[in-house]
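Analysis of the macromolecular model
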Protein chains: 2
Amino acid sequence: MTALRSISIAELHRRVVNVLQGAGIRSETAQSMARVIVAGERDNCKSHGIYRLEGCLRVLKAGKVAGDAVPQLLPGSGPVLQVLAGGGFACPAFELAQPELVARAETLGLAALVIRDCLHFSALWYEVELLARAGLAALSMCPSHAAVAPAGGTAPLLGTNPLAFAYPRTGAHPYVFDFATSVAARGEIELHRRAGKPLPEGWAMDADGNPTTDPQAALDGAMLPFGGHKGSAISTMIELMAGAMLGEFMSAEAHREMGGTRLLPRHGALILAFKPAHFAAGSGRDPIAEGEQLFDAIAGQGARLPSQRRYAARARAEAEGIFLTEAEFEQLDRLERLGLAAVED
Amino acid sequence: MTALRSISIAELHRRVVNVLQGAGIRSETAQSMARVIVAGERDNCKSHGIYRLEGCLRVLKAGKVAGDAVPQLLPGSGPVLQVLAGGGFACPAFELAQPELVARAETLGLAALVIRDCLHFSALWYEVELLARAGLAALSMCPSHAAVAPAGGTAPLLGTNPLAFAYPRTGAHPYVFDFATSVAARGEIELHRRAGKPLPEGWAMDADGNPTTDPQAALDGAMLPFGGHKGSAISTMIELMAGAMLGEFMSAEAHREMGGTRLLPRHGALILAFKPAHFAAGSGRDPIAEGEQLFDAIAGQGARLPSQRRYAARARAEAEGIFLTEAEFEQLDRLERLGLAAVED
């Protein structure tokens with residue numbers, strides 16, 4: 001078993017900020033990125049934790065992200081807000097716009113945030129959970145890299161296009177789900193390749209469009225959407241709503257722009273925020289209490305709510321710190337010491 | 001092979017209106033319902049065509065729908081519209097609110113329609129397609145009857161909760177999808193039962209929560225959501241957004257209220273409408289032309305767009321009329337002649 005050593009949330013945050021600032025990212029952006037990355041480690045979402053640092057540095061070294069971009073919130077008063085990320089990372093743009101998004105949804109009942117021209121490396125649950133803690137229901141989506149074939153197709157076109165949703169609760173963490181609309185994440189296929197293990201049936205097709213269980217053939221071919229033609233339709237909807245409709249890159253264009261999946265994709269993002277009390281007005285019912293009835297019924301038949309495992313990991317990290325392997329500590333050391341020189345071109 | 005005979009769209013509309021008015025439904029509501037039902041036949045969506053007439057009459061006979069309800073659009077000017085269906089069918093409420101929903105989305109970029117206290121028997125594609133023809137992207141959802149177990153659960157709780165989406169196109173029918181978030185429709189399980197055929201694996205569980213391929217055991221037990229825990233999460237989101245958040249029935253309460261699945265469920269519905277040009281403002285791109293690029297790429301790899309089959313059936317019906325079996329003509333005769341007496345209690 002790998003030995004683990006604990007680091008406090010605050011100390012890990014400080015070190016992640018060091019890495020990012022050392023690589024030339026402006027201070028406010030580094031702080032914002034570190035909040036998201038450390039939240040991933042805190043919740044034991046290893047795929048969105050410090051593992052992401054190398055990818056962030058790699059795209060910076062390639063000159064394909066503006067580490068010094070200052071996001072700009074466009075003025076206006078309607079239900080649609082726009083924030084320009086200016087080719088920088090998405091998180092500081094979201095943070096800048098978040099109070100105004102909450103305020104508009106509070107006033108109008110419904111608001112949408114368009115994030116323009118960003119690189120998105122973080123989990124969407126982070127954003128929708130924050131909105132739910134502010135009392136809003138929230139739905140978030142974005143394209144990614146063309147890596148998934150549409151149902152009935154044979155070649156990569158759709159992204160792994162994540163979809164996240166949150167609903168506020170009283171006296172409990174918000175209801176949150178966040179998943180890729182592909183059957184599996186690309187990283188899971190990579191893990192099978194490294195382990196020399198075949199993929200489960202139904203995950204991928206090879207470059208000729210035939211079903212495959214060979215991880216390398218899958219990486220050279222296309223992944224499949226979850227849930228057959230229904231999942232494929234939802235992934236297509238995400239391309240349309242968070243790509244075409246915003247006038248931002250869809251996954252195929254992001255893939256071309258970045259020259260493959262080695263660099264983070266560049267695109268827009270769409271976040272919808274709903275004030276439940278506004279939608280329930282006149283019904284005589286409390287929309288949050290109604291939600292609790294559903295959650296009770298789900299738990300009552302022994303089913304798990306989507307983020308339960310994450311919240312349990314969070315409670316442990318808040319009490320005992322975050323546990324990392326020695327290899328992870330060494331990676332942090334190396335990234336802090338070498339900066340951009342630590343990552344391959 | 002069953003002999004088919006053609007009837008014009010206008011003549012079928014007239015006959016469906018006759019049936020509904022004969023059963024005591026007010027004229028405007030009957031017209032509105034007939035538009036939806038005939039659209040189902042026209043597009044060869046048999047499950048949402050004249051097959052639905054008996055269900056509409058049955059719930060009327062049971063006194064569980066207000067056939068004379070006059071929908072009422074609440075005043076206001078923000079992005080959230082409410083229309084009170086007054087315990088009547090959903091379609092006249094939608095038709096009443098549709099022009100104002102379009103106008104608000106045109107002005108504000110984004111609008112939502114809440115339909116309160118309605119019975120929904122029609123396909124959601126009908127509504128989102130109309131909005132896309134008015135130049136809007138649209139997303140629609142509603143709860144139904146508790147018949148689906150959440151992932152990891154053992155008993156019916158979620159509805160078959162349909163989700164529909166449309167995106168406008170130029171020179172082509174809108175992109176439209178509409179599906180149940182259960183693996184299969186309840187009607188498909190019933191068809192397997194009648195044919196004495198086992199269900200495919202993964203469709204259902206029996207009353208003890210064990211997987212089953214026996215159709216009767218499935219009808220006595222629970223259906224499963226499509227796409228495992230991801231589909232289950234989406235179905236849960238629909239319960240929350242179109243049920244709890246609106247202060248309207250979720251599927252479990254609808255099921256209790258109607259005393260089972262024999263009568264149509266009673267609940268609310270949520271429709272979101274987006275003006276693409278508003279969301280793309282400042283991008284320098286045409287969001288509709290961008291959509292075409294995606295549709296071309298999907299078709300270019302031999303994959304079908306979701307509503308292609310429906311639009312092909314529509315073209316045929318518009319040219320040659322709608323083809324019905326003699327049994328279907330007899331059913332229309334019987335319903336016209338006997339009214340409510342034609343349906344069992």
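Residues numbered from 1 in each chain as written. Chains lettered and ligands numbered in written order. Predicted model: local features only at pLDDT ≥ 70, side-chain atom pairs only at ≥ 80, totals over all residues. Heavy atoms only, no water.

Chain A is annotated in an unreviewed UniProt entry as Oxidoreductase from Gemmobacter lanyuensis. Its UniProt record gives chain A a comment under Sequence similarities (unreviewed entry), which states: "Belongs to the LDH2/MDH2 oxidoreductase family." (UniProt positions renumbered as here; feature names shortened; annotations may be inferred.)

1. Brief notes about the sheet that holds strand E3 (residues 80–89) of chain B
Residue and element names in this part refer to chain B. If you trace the seven strands from one edge of the open sheet to the other, you get E2-E3-E4-E11-E5-E6-E7, paired in mixed fashion. Among the strands making up the open sheet, the edge pair consists of strand E2 (72–73) and strand E7 (175–180). Pairing analysis gives eight bridges linking strand E4 (residues 110–119) to strand E11 (residues 266–274), with the strands arranged antiparallel. Looking across to E11, one finds that Leu119 is bridged to Arg266. (Pairing = 2+ DSSP bridges. Helix = DSSP H or I, 4+ residues; strand = E, 2+ residues; numbered from the N terminus.)

2. Considerations on helix H11 (residues 287–300) of chain A
In this model H11(A) runs 20 Å from its N-terminal to its C-terminal C-alpha over 14 residues, within 8% of the 20 Å that 1.5 Å per residue would give. Here H11(A) has its buried residues at Pro287(A), Ile288(A), Glu290(A), Gly291(A), Glu292(A), Leu294(A), Phe295(A) and Ile298(A). Elements in contact with the buried residues of H11(A): strand E6 (162–167), strand E7 (175–180) and helix H10 (276–279) of chain A together with helix H8 (228–242) and helix H9 (251–258) of chain B. (Expected span 1.5 Å × (residues − 1). Buried < 20%, exposed > 50% of the residue type's maximum accessible area, 1.4 Å probe, protein only. Contact = heavy atoms within 4.5 Å.)

3. Topic: the relation of the copies chain A and chain B
Expressed as a screw transformation, the operator carrying chain A onto chain B has a rotation angle of 180 degrees and an axial translation of 0.0 Å, and the superposed copies differ by an RMSD of 0.0 Å. Within this description, the copies of the chain are treated as partners about a two-fold rotation axis. Across chain A, the smallest distance between a C-alpha and the rotation axis is recorded for Gly227(A), namely 2.0 Å. Interface overlap between copies is the fraction of interface residues in one copy that are interface residues in the other; for chain A against chain B it reaches 100%, indicating a shared surface. (Least-squares fit on C-alpha atoms with pLDDT ≥ 70 in both.)

4. Digging into the sheet that holds strand E8 (residues 204–205) of chain A
All names here are of chain A. Sheet architecture is open: three strands sit in the order E9-E8-E10, paired in antiparallel fashion. Two strands close off the open sheet at either side, each with one partner strand: strand E9 (211–212) and strand E10 (222–223). Relative to E10, E8 runs antiparallel, the two sharing two bridges. Bridge pairing in E10 places Met205 opposite Ala222.

5. Focus on the side chain of Asp206(B)
Residue and element names in this part refer to chain B. Secondary-structure assignment places Asp206 in the loop between strand E8 (204–205) and strand E9 (211–212). Although Asp206 is buried, it forms no salt bridge, and the closest oppositely charged side chain is Arg186 at an N-O distance of 14 Å. In terms of polar contacts, Asp206 uses its side chain to reach the backbone amide nitrogen of Asp208, at 2.8 Å. The residues contacting Asp206, other than those within four sequence positions of it, are Thr154, Thr212, Ala217 and Gly221. (Lys, Arg positive; Asp, Glu negative; His and termini not counted. Salt bridge = Lys/Arg side-chain N within 4 Å of Asp/Glu carboxyl O. Polar contact = N/O pair within 3.5 Å; in protein donor to acceptor, adjacent residues only side chain to side chain.)

6. Some remarks on the interface of chain A and chain B
Each partner contributes to the interface: chain A provides 70 residues, whereas chain B provides 70 residues. It is Met245(A), Phe279(A) and Gln301(A) in chain A that bury the most area against chain B; as a group they hold 14% of the surface buried on that side. Arg285(B) is paired through a salt bridge with Glu253(A); the nearest N and O atoms lie 2.7 Å apart. Among the elements that line the side of chain A that touches chain B, the one with the most residues is helix H8 (residues 228–242) of chain A, at nine residues. Its residues assigned to classes, the side of chain A that touches chain B comprises 48 nonpolar, 15 polar and seven charged. (Buried area = accessible area lost by both parts, 1.4 Å probe. Nonpolar A, V, L, I, M, F, W, Y, C, P; charged D, E, K, R; others polar.)

7. A closer look at unusual backbone geometry
Residue and element names in this part refer to chain A. Phi at Asn44 is positive, roughly 60 degrees, even though this residue is not glycine. Along the polypeptide, Asn44 turns up in the loop between helix H2 (27–42) and helix H3 (52–61). Phi angles above zero are rare outside glycine, and Asp117 is one such case at about 50 degrees. Secondary-structure assignment places Asp117 in strand E4 (residues 110–119). For Asp117, a relative accessible area of 24% gives the class partly exposed.

8. Notes on the domain arrangement of chain A
A common measure of how large an interface is: the accessible area buried when the components associate. Residues and elements named next belong to chain A. Taken domain by domain, chain A consists of domain 1 (1–61 + 308–345) and domain 2 (73–182 + 225–306). For domain 1 and domain 2, the distance between their C-alpha centres works out to 24 Å. In this complex, domain 1 contributes 25 residues to the contact, which on the side of domain 2 involves 22 residues. Interface of domain 1 and domain 2: buried area, both sides summed, is about 2100 Å²; carbon and sulfur atoms make up 61% of it. In this assembly, domain 1 and domain 2 are joined by three salt bridges. Close ionic contact of Glu129 with Arg310 constitutes a salt bridge, the shortest N to O distance being 3.6 Å. (Domains from an automatic or database assignment.)

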